[in-house]
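Here is what each chain is made of, one letter per residue.
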Amino acid sequence: MGDSVRLFESKLMRKADGPEEVDVSVEGVSELKLVVTDGGDRGGYGDHANWADAKLIKT
């Protein structure tokens, strides 16, 4: 979320899935939130996120 606007939404991922590379512009964004929600498949049990090597790069 960037300033309360969804900038990206990944597919539902499982533990066997590989990483997904994401490139999203945050130009002009004042507040950035990384959000994980219920995947809808287990009632919220075990849902989590791993943003691994996430970084912001000024270009």
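Placed above this text is the structure.
Remember, predicted model here, so these are calculated numbers, not experimental data.

### Structural notes on the overall build of the protein
Assigned secondary structure in the protein consists of zero helices and zero strands. In terms of overall dimensions, the protein is more spread out than a globule: its C-alpha atoms have a radius of gyration of 13 Å, far above the 10 Å expected for 59 residues. If you line up the protein on its principal axes, its C-alpha atoms span 40 × 25 × 15 Å. A total of about 5,700 Å² of accessible surface is found on the protein, and carbon and sulfur atoms cover 48% of it. Measuring between centres, the 8 positive side-chain charges of the protein sit 4 Å from its 12 negative side-chain charges.

### Description of a nonpolar patch on the surface
A cluster of nonpolar side chains, namely Val 5, Leu 7, Phe 8, Val 22, Val 24, Leu 32, Leu 34, Val 36, Trp 51 and Leu 56, defines an oily patch on the protein surface of about 880 Å² accessible area. A residue is classified by how much of its surface remains accessible, and Leu 32, at 40% relative accessible area, is partly exposed.

### Regarding unusual backbone geometry
The residue Asp 3 is not glycine, and still its phi comes out positive at about 50 degrees. Given the relative accessible area of 35%, Asp 3 is considered partly exposed. A positive phi angle, near 40 degrees, is found at Ala 52, a position not held by glycine. For Ala 52, a relative accessible area of 73% gives the class exposed.

### Some remarks on the pattern of salt bridges
One pass over the structure, following the stated rule, counts two salt bridges. Of the charged contacts, one joins Lys 55 and Asp 53 as a salt bridge, the two residues approaching to 3.3 Å between their closest N and O atoms. By relative accessible area, Lys 55 is classed as exposed at 56%.

### A short note on the environment of Val 24
What makes Val 24 partly exposed here is its relative accessible area of 31%. Distance from Val 24 to Leu 56, taken between C-alpha atoms, is 9.8 Å for residues 32 residues apart in sequence. Not counting chain neighbours up to four residues away, the residues in contact with Val 24 comprise Leu 7 and Phe 8.

So, how was this worked out
Once a new chain begins, its residue numbering starts again from 1 and follows that chain's sequence as written. For this predicted model, a pLDDT threshold of at least 70 governs which residues receive local features, and a threshold of 80 or more governs which side-chain atom pairs are given and counted, while totals over whole chains, interfaces and linings are taken from all residues. Excluding hydrogens and water, the side-chain values take into account all heavy atoms of the structure. Runs of H or I in DSSP of at least four residues are treated as helices and runs of E of at least two as strands, each being numbered from the N terminus. Between the two quantities, the radius of gyration covers C-alpha atoms and the globule rule is 2.2 Å times the number of residues to the power 0.38. Here the Shrake-Rupley method, with its probe set to 1.4 Å, supplies the accessible areas, and only the displayed protein chains count as covering residues. In this charge count, Lys and Arg are treated as positive and Asp and Glu as negative; neither His nor the chain ends contribute. In this description, the location of a charge corresponds to atom NZ of lysine, CZ of arginine, CG of aspartate or CD of glutamate. Each patch is assembled from residues with relative accessible area greater than 30% and no salt bridge, linking like charges that lie within 9 Å and nonpolar side chains (Val, Leu, Ile, Met, Phe, Trp, Tyr) that lie within 5 Å. Salt-bridge detection follows one rule: a side-chain nitrogen of Lys or Arg within 4 Å of a carboxyl oxygen of Asp or Glu. Throughout this description, buried means an accessible area under 20% of the type-specific maximum (1.4 Å probe, protein chains only), exposed means over 50%, and partly exposed covers the range between. Any two residues whose heavy atoms approach within 4.5 Å at even a single point are treated as in contact.

Just distances and angles here, no functional claims.
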